[in-house]
Amino acid sequence: MQYLQWIIKGLAMGAADVVPGVSGGTLAFILGIYERLLAAISHCDLQAVRLLLRGRITALWQHIDGTFLVCLFGGILLSIFSLAGVITYMLQHRPIPLWALFCALIVTALPHLCRSIRWSSWRAVLCMIGIALAVAVGSLTPRELQPQSWMFFVAGAVAICAMILPGISGSFILLMSGMYAPVLLAVTELQLGVLLLFMLGCIIGLLSFSRLLNWLLKHYHDASLALLIGIVIGALYRIWPWQHEQRLYSPWDYASAVGQADILLALGSALAGVVLMLCLLNLEKWLKPPVVNSGPKSVQ
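Everything quoted here is computed from the prediction, not taken from an experiment. (Residues numbered from 1 in each chain as written. Predicted model: local features only at pLDDT ≥ 70, side-chain atom pairs only at ≥ 80, totals over all residues. Heavy atoms only, no water.)

Student: What exactly am I supposed to notice about helix 12 (residues 192-219) here?
Tutor: Every α-helical turn comprises 3.6 residues, leaving residues that sit three or four positions apart pointing alike. Here helix 12 spans 40 Å end to end across 28 residues, near enough to the 40 Å set by a 1.5 Å rise per residue. By the burial criterion, the buried members of helix 12 are Val194, Leu195, Phe198, Gly201, Cys202, Gly205, Phe209, Ser210, Leu213, Asn214 and Leu217. Against the buried residues of helix 12 lie helix 3 (34-42), helix 9 (149-164), helix 10 (170-177), helix 11 (180-188) and helix 13 (221-239). (Helix = DSSP H or I, 4+ residues; strand = E, 2+ residues; numbered from the N terminus. Expected span 1.5 Å × (residues − 1). Buried < 20%, exposed > 50% of the residue type's maximum accessible area, 1.4 Å probe, protein only. Contact = heavy atoms within 4.5 Å.)

Student: What exactly am I supposed to notice about the packing of aromatic side chains here?
Tutor: Describing an aromatic ring pair means giving the distance of the ring centres and the angle of the ring planes. As enumerated under the stated definition, the model contains six aromatic pairs in all. With 5.8 Å between their ring centres and 80° between their planes, Phe29 and Tyr34 make a pair best called edge-to-face. Residue Phe29 is classed as buried on the basis of its relative accessible area of 7%. Judged by relative accessible area, Tyr34 falls into the buried class, the value being 3%. Ring centres of Tyr249 and Tyr254 lie 6.1 Å apart, and the angle between their planes is 80°; on these two criteria the pair is classed as edge-to-face. On the accessibility criterion, Tyr254 (11% relative accessible area) is buried. Each member of the aromatic cluster is reached from another via a ring pair, and the members are Tyr3, Trp6 and Phe68. The cationic tip of Arg36 hangs over the ring face of Phe68; the distance from NZ or CZ to the ring centre is 4.8 Å. (Phe/Tyr/Trp six-rings, centres within 6.5 Å; stacked < 30°, edge-to-face > 60°. Lys NZ or Arg CZ within 6 Å of the ring centre and 35° of its normal.)

Student: Explain a nonpolar patch on the surface to me, please; I cannot follow it from the model alone.
Tutor: Judged by side-chain polarity, Trp122, Val125 and Ile129 come together as a nonpolar surface patch covering roughly 300 Å² of accessible area. Looking at where Trp122 falls in the secondary structure, it is placed in helix 8 (residues 121-138). (Patch = residues over 30% accessible without salt bridge, like charges linked within 9 Å, V, L, I, M, F, W, Y side chains within 5 Å. Areas by Shrake-Rupley, 256 points an atom, 1.4 Å probe, with all protein chains shown as cover. Salt bridge = Lys/Arg side-chain N within 4 Å of Asp/Glu carboxyl O.)

Student: Help me understand the environment of Glu284 in this model?
Tutor: Mapped onto the elements, Glu284 comes out in helix 16 (residues 283-287). Glu284 sits 165 residues away from Trp119 along the chain, and the two C-alpha atoms are 26 Å apart.

Student: Looking at this structure, how should I read empty space enclosed by the protein?
Tutor: To find leftover empty space, one rolls a probe the size of a water molecule over the atoms. Tallied over the full model, the rule gives one cavity of 30 Å³ or more. The computed volume of the largest cavity comes to approximately 80 Å³. Lining the largest cavity are eleven residues, and of these Ala134, Val137, Gly167, Ile168 and Arg238 lie nearest its centre. Elements with a minimum of two residues in the lining of the largest cavity: helix 8 and helix 13. When its residues are assigned to classes, the lining of the largest cavity shows five nonpolar, five polar and one charged. (1 Å grid on protein atoms, 1.4 Å probe; cavity = no way out; pocket = protein on both sides within 12 Å on 5 of 7 lines; lining within 4 Å. Points joined across faces, edges and corners; volume = space filled by probe spheres on them. Nonpolar A, V, L, I, M, F, W, Y, C, P; charged D, E, K, R; others polar.)

Student: How do you make sense of the packing of helix 12 against helix 13 when you look at a structure like this?
Tutor: Packed helices, taken two at a time, are described by their axes: the angle between them and the distance between them. Close contact between helix 12 and helix 13 brings their axes to 5 Å; oriented N to C, the two are set at 125°. On the basis of the axis angle, helix 12 is oblique to helix 13. In contact with Leu216, Leu217 and His219 of helix 12, helix 13 contributes His221, Ser224 and Leu225. When its residues are assigned to classes, the contact of helix 12 with helix 13 shows three nonpolar, three polar and no charged. (Axes fitted to C-alpha atoms, helices over the stretch in contact; angles between N-to-C directions. Parallel < 35°, antiparallel > 145°, perpendicular 65-115°, else oblique.)

Student: Would you take a moment to explain the environment of Leu267 for this structure?
Tutor: Relative to the helices and strands, Leu267 resides in helix 15 (residues 263-281). Separated by 218 residues in the primary sequence, Leu267 and Val49 place their C-alpha atoms 50 Å from one another.

Student: Can you walk me through the pattern of salt bridges in this structure?
Tutor: Close approach of charged atoms lets side chains of opposite charge pair. Tallying each qualifying case throughout the model produces three salt bridges. Notably, a salt bridge pairs Arg36 with Asp65, separated by 2.7 Å at the nearest N-O pair. Residue Arg36 is found in helix 3, and its partner Asp65 is found in the loop between helix 5 (57-63) and helix 6 (66-93); the two are separated by 29 residues along the sequence. Of the residues examined, Arg36 reaches a relative accessible area of 37% and is grouped as partly exposed. Across the pair Arg123 and Asp222 runs a salt bridge, and its minimum N-O distance is 3.7 Å. Placement of the pair is Arg123 in helix 8 and Asp222 in helix 13, with a sequence separation of 99 residues. The class of Arg123 is partly exposed, set by a relative accessible area of 21%.

Student: Even after reading the chapter, I still don't get helix 4 (residues 46-53), so can you show me in this structure?
Tutor: Two to three positions downstream of the cap, the backbone nitrogen of Gln47 sits 3.3 Å from a side-chain oxygen, assigning the N-cap of helix 4 to Asp45. Of the residues one or two after helix 4, Gly55 is the one with positive phi, at around 75°. (Polar contact = N/O pair within 3.5 Å; in protein donor to acceptor, adjacent residues only side chain to side chain.)

Student: Help me out: how do you make sense of the packing of helix 3 against helix 6 in this one?
Tutor: The contact between helix 3 and helix 6 brings their axes to 10 Å, and the two run at 115°. Here helix 3 lies roughly perpendicular to helix 6, going by the angle between them. Judged by the twist between their axes, the crossing of helix 3 over helix 6 is left-handed. Residues Arg36, Leu37 and Ala40 of helix 3 pack against Phe68, Leu69, Leu72 and Phe73 of helix 6. Along the lines of polarity and charge, the residues of the contact of helix 3 with helix 6 split into six nonpolar, no polar and one charged. (Left-handed = near helix turned anticlockwise from the far one by under 90°.)

Note that every value here comes from positions in space, so none of it alone points to a role or purpose.
Shown next as structure tokens:
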């Protein structure tokens, strides 16, 4: 049952990663597997290499929490390949209900997240800083550039860091930096040298940034969570359903200023998001194996 939980949570993360502006790290954080994910990734280190070279595969698998990573990333990949077409269609033809779904997912989880730490004035300040950071990133405007080779390495490192940071989308960072189109072109044209640089940046960025986040959570747990909660709250600015050219509208003002507001569809999607998040938050409880009561032991 534990494996099924990880796969289902991976499915949720994969669905979030497909949507520009939504991070799979957000879902990992909300679903309570973020710290374990960071720890597992940060254990892909020199000790893991030494275990591999010595042929100690079982010890290596335990060191990197291999079963957890395989189940989680298996769910992510399954979700990306199965839902990419549906989500792409929704983004093109019905974006408002899709954004309403993800908004509802985050809002429903916020009380659960806020109860997970002990608040203080300093942690409240960190939360506000996180909100400001996420809003500032969400306010960036796309740019165009002619990238040099080294930029693909930097883009990979920055994008993967953003992807594992709750509330910030790696694809959105690529879009804002002007690197989204060049990376996409490299993929479609199979520019292997460019893709190798990009992947190398991703690997180095992932291993280094995950270690930093893991260290912060170990030494400043509640303060780090307060900052991350703020980033998640600030991400709502970027995925508010009724916005146009980075201006936020109410549903009724949107209908008069921009066009079809899809209010009923958005409400239905939001309700589905609430139900889905409540199911995900209670997943561990529902899939927990029943305790077998063997009865009182006889006294000799």
